[in-house]
Amino acid sequence: MRNKMRSNKTLSNLWFCVFAGGVGFLIVIPLYWMIITALKTQTAIFTYPIEWFPKEFTLQNFVDLFARFPFGKVLRNSAIVSVSYSVISIVTCSMAAFAFAKIPFRGSEALLKVYLATLMIPFQSTLIPLFMLFNSAGLSNTYGSVIIPSLFRVFGIFLLVQHMRTIPDDYIDAARIDGASYFTILWKVILPLSLPIIAGYAVITFMDAWNDYLWPLVMLTKPEMMTVPVALGMVNGQFERNFGVQMAGSLISIVPVVLIYLAAQSKMKDGLTLGGIKG
Amino acid sequence: MRKNRNNHALAASAFLAPSMVGFLLIAAIPFALSFAISFTSWSGIKGLEIFSSSFWQSNFIGLENYSKILKSKEFWVSLLHVGQYMVLYIPLMLVSSLGIAVLLNKPRKGTAFFRLLFYIPVLTSWVAGAIIWKWVLDPQYGILNDILARVGIAGPAWLQDPKWAMFGIVLASVWKDMGFYGLIFLGGLKNINPIYYEAAHLDGAGRFQSFLKITLPMLTPMVFFVLVISLINSFMLFPQVMIMTEAGPAGATQVIVERIYKYGFSYYKMGYASALSWLLFVIVFLFTFLQQKLQKKWVNYDA
Amino acid sequence: MLKKSTVILMVILMVLGLFAGCQAPAAPEASVPVATEEATQAETAAPAAEEPVTIDFMNFSANEGGLLTLGLMKDLFEKENPNIKVNIETFGYDTYATQLQTRVGGGDAPDCFELGLDAFPSYVDQKAILPLDDMMAASGTDLSVLTDKSLQAFSINGTKYGMPYSYSTVVLIYNKDLFDQAGVAYPTADWTWADADAAALKIKALGDDYYGLIQPISTYEFFKVVKQYNGGLLNDDNTAFTVNRPENVQALQRLVDNVLVTNICPSKEQRGSLDEWGVFKLGKTGMIVTGIWAFPSFTTDCAFNWDIAVEPGAATKATHYFANGLAISADSKNAEAAYKWIEFIGTSEQVAQLRVQLGWELPCATYQSAMDQYAKLTPPANRQAVFDSLNYVVPVPQIAQFSQMADILGVELDAAANGSKTPQQALDDAQAALEAAITLK
């Protein structure tokens, strides 16, 4: 019996290695390709058969990129926008989700459906009206123009609703009997139980805000207001056929988000020990 | 009792207020305008004068945009392409993201590393991701066909061959999204009370059985969420197509949102583009409505 | 919990510090010998009495190598016109159309902006830009420095809507080394496609991965090629599509045969994710039909000798004429000031010279000094071919729905190029699809 269990365990570890290794390999290839292309010379990029490992490394692509790309300014803009966006959206989404999942009120289902329906119209067709609205409010070239949409993020609301619905009502009833207000319940009961999901959502929403393209493209047009993807898009235009520089740019735009993720991951771990419904 | 209910409504509206402001500002008003525009011949390159009745009168063309779209072959072909994408993408994405979640749920050595690994594609913007994949899928200089050639398979010209182009788009999309949905499933898994597993173990259930009997049913709220969101997102398929294939080759990857963008911002027929959007809305809404109806049959909220 | 958020914040700050540290130094001031005598005089003269107006100018062409040049132009202009301040907004070409349209459609149109020949008829059609004739007359603009072709290109029904700004054309660029290797004589201005295809066959014979000629099969190439066969995609007054007429089929047949039969031209699959330029730069292709805007890129990236010739023809010759013009928004409140600005950057000799000196696109203004300067730059040695090409130019079809037409036809051309349809079938289908989708006035 004991032996069997042990072999089961090694077997499952083996499976983990094989599967994770296999899928990991598939994931890594494109990333590896990106990094290696960013470090290749123009001629090496177009060699056939392809060079898995370049014979000579160059930082020229990065030099070319940095010569045109005002990194400090652009990164600061992106950081301001993405951090405010994520923080606001986490607050508003948890509040809304709590109302939908745990406060019985007339029209709750219908309103959630209306919210959800707003995901079904492509942004391209509301771009001009939305621009008009924001522009006439004097929001062009302000951080506010790209932060305000964080008030309404259906994806986050829906995600948290789905999660909060799985939290047993007993917790809430017990708290209400103790005379707790809804606000206290959200803060003291629901949120601690939702930390893993919220941490995941934080990463997702940060990344969405960081990578957002079309909206900042029309709202933040002054060079000193541009975010990373917008500025990178312009630089790519200047190096249209230079894949090395484009890959260098892509690589550099990913780095800050990965760092944020690493920071949040430790948070998620805490969330797991704090939250989760343990017995 | 009645008073109690009012009380709830008041509390609910307090919690909903911020999102309501956002809803009005970035959804309700622009959507209403877009709906109105769909009945006009507005080009999009002349100022939109929402308060001028002569603007609306001179541009109003009734249902003409809608009837034109429904009669055009292009609309149905683009829908068909979206369908092809969905049929390939959703199952592939579901299986791989569930697999990832189950793998990463158990804390072992290397979990943190793999979690980051799976998540890096998610962190990548589509602008970067699509450029990378164009390279990976290159028939001659690409790494994928190089690998295939090593095991004796002559890979297709993924993005240049009309038969394979959509599949190439699907590959890139699954790569990009599986970590994302995997993370959501992982959040769901973390919420499952270990008591259930212990009970199942005592009953002599095997690993696979307890996955089927416990994990999957308990995960249904998240599966439902992922299905709804990924279906909507599939209908909204756009950036990868624009960057990787430019809707080609021979129109093989023309999809609805790509058409909307082209009509609105390249052919200067914003009225037509808006009508396309609202037809798309109706279709997506019907699908989601169906999902909501079926939800009661399989989604389980009792943790 | 607070602790963790502090950690996140610190990471962000660290990242910022890191990158701020390696922020690139500002681009060095250009030391360009600009004739500033006039400008300095203008500055000292006539102190401004009126309130200065600011005009917004949106453009894309400065993003590719012209940011500095445009800035210098602005300085010159503002010295001459102390009452006008120019606010330049430059965007990448890929997103420019969307950004401009959002501004115009959203009621925040810039006073003046750059437009390509393809988008120009649509803006005129929607009365989104002003006719310029009256302003040209009132300001006494010297139109003689602009060629008739460039003025016509931005006129519709005899009314001028755009100030010609820069132009380019398409030539035959060839790899001299490969011609030497294959023992073929270099292309000349009186080559026909038969000559080019014969030379291409010999170059292809040099090796397995060699190609003779790269010629795109796209609407933008095709509308010109059919003219070389005396065909045309539209009838003479642009009121009907004539996509499937026999001359056009003949033209497409040759393009397709070059890919599918002789394979002197690489197919899309053979090109893969490389574009036409990328393939040519590999140094194993004899010729490429492409725009003169390739010169800077080829100069840096091609490790072989290359030169240019006027594009070969068939029954007759025909070459491309692409141009960017400057237009004034119909909603502009400062149309007169905006006109002064576009007149300046469109017709001033200083500006023309500056463009050539700094290696930007060719100005439409034909000052001999600037043209001489341009012709002297090498490579290519035979730069004169650029000007010779202008004798055969055919304009982009002037219809408001051109980009939709280009997409519809493009799908069918793709199908012909990969052999899934014959040229006749493809053009028949294109004709039907175009007639169904587009109503020409």
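Before reading on, note that the structure itself is shown above.
Residues numbered from 1 in each chain as written. Chains lettered and ligands numbered in written order. Predicted model: local features only at pLDDT ≥ 70, side-chain atom pairs only at ≥ 80, totals over all residues.

**Q** Got a minute to help me understand the overall build of chain B in this structure?
**A** Along chain B, the regular secondary structure elements total 13 helices and zero strands. Seen through its C-alpha atoms, chain B measures out along the principal axes to roughly 75 × 75 × 30 Å. Counting across all 303 residues of chain B, residues that qualify as buried make up 50%. For chain B, the share of sequence-separated contacts (at least 6 apart) that also reach a separation of at least 24 residues comes to 69%. (Helix = DSSP H or I, 4+ residues; strand = E, 2+ residues; numbered from the N terminus. Buried ≥ 20, exposed ≤ 12 C-beta atoms within 10 Å, placed from the backbone. Contact = placed C-beta atoms within 7 Å.)

**Q** What is the right way to read the pairing of strand E9 (residues 285-291) of chain C from this model?
**A** Across a regular strand the side chains alternate sides, sitting on one face of the sheet and then on the other. Residue and element names in this part refer to chain C. Where burial is concerned, most of E9 is hidden: six out of the seven residues are buried. Sheet topology places strand E7 (residues 170-175) next to E9; five bridges connect them, and they run antiparallel. When the bridges of E9 are listed, isoleucine 173 appears paired with isoleucine 288. One ladder, built from three bridges, connects strand E8 (residues 211-214) with E9; its direction is parallel. Directly across from isoleucine 214, in E9, lies its bridge partner isoleucine 288. (Pairing = 2+ DSSP bridges.)

**Q** What am I meant to see in the environment of arginine 207 of chain B here?
**A** Residues and elements named next belong to chain B. The residue arginine 207 is located in helix H10 (residues 207-235) in this model. With 12 C-beta atoms packed within 10 Å, arginine 207 lands in the exposed category. A C-alpha to C-alpha distance of 33 Å links arginine 207 and threonine 288, two positions 81 residues apart in sequence.

**Q** Sorry if this is basic, but what is going on with the environment of tyrosine 220 of chain C here?
**A** Residues and elements named next belong to chain C. You can see tyrosine 220 is positioned in helix H10 (residues 219-228). Look at tyrosine 220 and you get partly exposed, because 17 C-beta atoms sit within 10 Å. Separated by 189 residues in the primary sequence, tyrosine 220 and leucine 409 place their C-alpha atoms 10.0 Å from one another.

**Q** Would you mind showing me how to read the interface of chain B and chain A here?
**A** The extent of an interface is frequently quoted as the accessible surface area lost upon association of the parts. Listed per partner, the contact involves 81 residues of chain B and 77 residues of chain A. In terms of residue count, the dominant contributor to the side of chain B that touches chain A is helix H1 (residues 2-37) of chain B (19 residues). Across the side of chain B that touches chain A, the residue classes tally to 60 nonpolar, 17 polar and four charged. (Nonpolar A, V, L, I, M, F, W, Y, C, P; charged D, E, K, R; others polar.)

**Q** Before we go on, may I ask you to explain helix H9 (residues 193-204) of chain C in this structure?
**A** For an α-helix, the turn length of 3.6 residues means that residues three or four places apart are oriented alike. Residues and elements named next belong to chain C. Spanning 12 residues, H9 covers 16 Å between terminal C-alpha atoms, matching the ideal 16 Å at 1.5 Å per step. Of the residues making up H9, those classed as buried are Trp193, Ala196, Asp197, Ala199, Ala200, Ile203 and Lys204. The buried residues of H9 all sit within an arc of 165° when viewed along its axis, so they share a single face. Against helix H8 (176-182), E8, helix H11 (246-260) and E9 lie the buried residues of H9. (Expected span 1.5 Å × (residues − 1). Arc of directions from axis to C-beta.)

**Q** Before we go on, may I ask you to explain the pairing of strand E10 (residues 306-309) of chain C in this structure?
**A** All names here are of chain C. Of the two faces of E10, the one carrying Trp306 and Ile308 and the one carrying Asp307 and Ala309 are both buried. Where E7 meets E10, four bridges bridge the pair, whose relative direction is antiparallel. Note on E10: the bridge partner recorded for isoleucine 173 is isoleucine 308.

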